[in-house]
Amino acid sequence: IRKELNLCSALPWTYLGMASTYEEMGDLEHAGEYYNKNLEEGCGNIDKRCRVQSMAGMGRIMLRMKHAEEAHKLLDDSMVLARELRAKPLIYEIRFALADYYESAGNPAEALKHYKIYHG
């Protein structure tokens, strides 16, 4: 409906909601599809918070799909934007995802560091 009504500024938030719903359901393919809609080249005017959440979400998806390098880059890039926005809830969310990344990469010390920051 938002697409038909040409509500361009609201469309990325709709995609984000759809992506996160699919992610919660465990449908990684569809979640990734909707996160990617917000990360494509044509989304230059997307709200920065929406972009951060989409990048972090796609990072989690990539991690779960065993694409560790892509996951790490997305999570690191989303952390840079989250810090720029001073968005503490997003920073903590990304810390948790980075803890998962480092744990899966066999770096327990770095995983623990991120988890402690997230949990503290």
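Calculation criteria
Residues numbered from 1 in each chain as written. Predicted model: local features only at pLDDT ≥ 70, side-chain atom pairs only at ≥ 80, totals over all residues. Heavy atoms only, no water. Helix = DSSP H or I, 4+ residues; strand = E, 2+ residues; numbered from the N terminus. Expected span 1.5 Å × (residues − 1). Buried < 20%, exposed > 50% of the residue type's maximum accessible area, 1.4 Å probe, protein only. Contact = heavy atoms within 4.5 Å. Core = buried A, V, L, I, M, F, W, Y, C linked by side-chain atoms within 4.5 Å.

A few words now on helix α4 (residues 68-85). In this model α4 runs 26 Å from its N-terminal to its C-terminal C-alpha over 18 residues, within 8% of the 26 Å that 1.5 Å per residue would give. Listed as buried for α4 are A71, L74, L75, S78, M79, L81 and A82. In this fold, the buried residues of α4 make contact with α2 (28-39), α3 (48-64) and α5 (88-104).

A few words now on unusual backbone geometry. Of note in this structure, K66 is not a glycine but carries a positive phi near 70°. Tracing the chain through its elements places K66 in the loop between α3 and α4. The phi dihedral of R86 falls on the positive side, at around 55°, and the residue is not glycine.

Before going further, it helps to examine the nonpolar core. Here is a general trend for soluble globular proteins: nonpolar side chains tend to be buried in one another's company. In terms of nonpolar packing, the biggest core is built from 32 residues, with Y35, V52, I61, M62, A82, I94 and L98 touching the most fellow members. Among the secondary structure elements, those contributing two or more residues to this core are α1 (11-25), α2, α3, α4 and α5. Those residues in contact with L98 that lie beyond four places of it in its chain are H72, L75, D76, M79 and H114.

The quantities given are spatial measurements derived from coordinates; they are silent on function.
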